[in-house]
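Commentary on secondary and tertiary structure
The chain contents come next:
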Amino acid sequence: MIAPSILSADFARLGEQVRLVEKAGAKILHIDVMDGHFVPNITFGPALLKALRPHSRMRFDVHLMIEEPERYVADFAAAGADHITVHWEASRHAHRLIQQIKGLGVTAGLALNPATPVEMLHDILEDLDMVLLMSVNPGFGGQQFIPGVLRKLEAVRRQLESSKNQACEIEVDGGIHTGTAPSVIQAGAQILVAGAAVFGAPDPARAYRELESLSEGFGGD
Ligand code: DX5
Ligand code: ZN
């Protein structure tokens, strides 16, 4: 499944752009929150989710690239998030934070930066609804895919196969386009985030459908 990321959308026409990808068939909207500390860029906060919520039925997949995420997860849940992913690198008490997010009635994910080994997932995997593997260093759209994520992806898939948590989804984020998507799908990701490849295209709906048809080609497997 392709999750368009609004990071590369035209912010002056955001509602319109969100409706466009939803009409094209998107079921998940990826929402990148950056604080200028955890990553060297600033985007938006819960007020933006609240404004978009009445305009879309898509699953709001919130990716928090912020320090001290435990201070803000309740605000994002109240603003309309369906899912919240926090970074392992920003969470001192990851287990507590994941329980805190689930306690808000939304699903919870943990994101790993490109240099963070997947082995640290071992003792928390059973608690997660999603593992997000970054395939670029977080902070900006339109960066180049880091191929080392494919090996990590296969390792997470193996960890999940031997765990009790079969429902956990794997999402890959960064540098996804028609050239990189096939290998990511083949390595076992269920959700592919695409920012520049969708909203940077002259026709975002068409670009979305083209990417989505690639994943259908694999029969969802
Ligand atoms: C990067 C963000 C991504 C970003 C991906 O820090 O987490 O979600 O939107 O953008 P593209 O698809 O352009 O690499
Ligand atoms: Zn993201």
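Refer to the structure above for everything that follows.
The numbers attached to residues start from 1 for each chain and follow its sequence in the written order. Naming scheme: in the order in which they are written, chains are lettered from A and ligands are numbered from 1. The model is predicted, so local features are restricted to residues of pLDDT at least 70 and side-chain atom pairs to those at 80 or more, both for listing and for counting; the totals for chains, interfaces and linings are taken over all residues. The side-chain quantities take in all heavy atoms of the structure and omit both hydrogens and water.

1. Structural notes on the site of ligand 1
Near is defined per residue: the residue qualifies when any heavy atom it owns lies within 4 Å of the molecule or strand. Surrounding ligand 1, one finds 20 residues, the nearest of these being Asp32, Gly139, Gly142, Asp173 and Gly175. Here a polar contact is taken to be a pair of N or O atoms separated by no more than 3.5 Å, where protein atoms must pair a possible hydrogen donor with a possible acceptor and residues adjacent in sequence count only if both atoms sit in side chains. Here an oxygen atom of ligand 1 sits 2.8 Å away from a polar atom, N or O, in the main chain of Gly175. Ala196 has a polar backbone atom sitting 2.9 Å from an oxygen atom of ligand 1. The numbering of helices and of strands both runs from the N terminus, where a helix is a DSSP run of H or I of at least 4 residues and a strand a run of E of at least 2. Of all elements in the fold, only strand 2 (28–34), strand 3 (59–65) and strand 8 (191–194) reach the threshold of two or more residues within the shell around ligand 1. Counting residues per element, the shell around ligand 1 draws most heavily on strand 2, at three residues.

2. Focus on the nonpolar core
In this description, a nonpolar core means a group of buried Ala, Val, Leu, Ile, Met, Phe, Trp, Tyr and Cys residues linked to one another through side-chain atoms lying within 4.5 Å. Residue burial is assigned from relative accessible area. The probe radius is 1.4 Å, only protein chains are included, and a residue is buried under 20% of its type maximum, exposed over 50%, and partly exposed in between. Core analysis: the biggest nonpolar cluster contains 64 residues, and Ile84 and Leu121 have the highest contact counts within it. With six residues, helix 5 (residues 149–161) is the largest single contributor of residues to this core. By definition, residues are in contact when any of their heavy atoms lie within 4.5 Å. With residues near it in sequence (within four places) discarded, Leu121 still touches Leu110, Leu112, Leu128, Val131, Val156 and Gln159. Listed in part, the six residues of the second largest apolar core include Leu7, Met34, Phe38 and Ala90.

3. Concerning the coordination of the zinc ion (ligand 2)
Here a donor is any nitrogen, oxygen or sulfur atom (N, O, S) within 2.8 Å of the metal, with 3.2 Å used for Na, K and Ca; water is not among the atoms considered, so some sites may look incomplete. Looking at the metal site, the zinc ion (ligand 2) is ligated by His30 (NE2), Asp32 (OD), His63 (ND1) and Asp173 (OD), spaced 2.1 to 2.2 Å from it. The rule is simple: four donors are tetrahedral if all their angles sit between 85 and 135 degrees, four are square planar and six octahedral if opposite donors span more than 155 degrees and the others lie between 65 and 115, and anything that fits none of that is irregular. Its six donor atoms give the zinc ion (ligand 2) angles of 71 to 171° at the centre, a pattern that matches the octahedral case. Between the donor residues of the zinc ion (ligand 2), the gaps in sequence give the motif H-x1-D-x30-H-x109-D. Each member of the pair, His30 together with Asp32, is buried.

4. Structural notes on the pattern of salt bridges
A side-chain nitrogen of Lys or Arg and a carboxyl oxygen of Asp or Glu constitute a salt bridge if their distance falls within 4 Å. Here the structure, examined in full by the defined rule, presents five salt bridges. Residue Asp10 pairs with Arg13 through a salt bridge whose shortest N-O separation is 3.1 Å. Owing to a relative accessible area of 33%, Asp10 belongs among the partly exposed residues under this scheme. Residue classification places Arg13 among the partly exposed positions, given a relative accessible area of 36%. Connected via shared salt-bridge partners are Asp10, Arg13 and Glu16.

5. What about the side chain of Glu169?
Position of Glu169 relative to the elements: it lies in strand 7 (residues 169–173). What makes Glu169 buried here is its relative accessible area of 19%. Among residues more than four places away in sequence, those in contact with Glu169 are Arg59, Asp129, Met130, Val131, Gln190 and Ile191.

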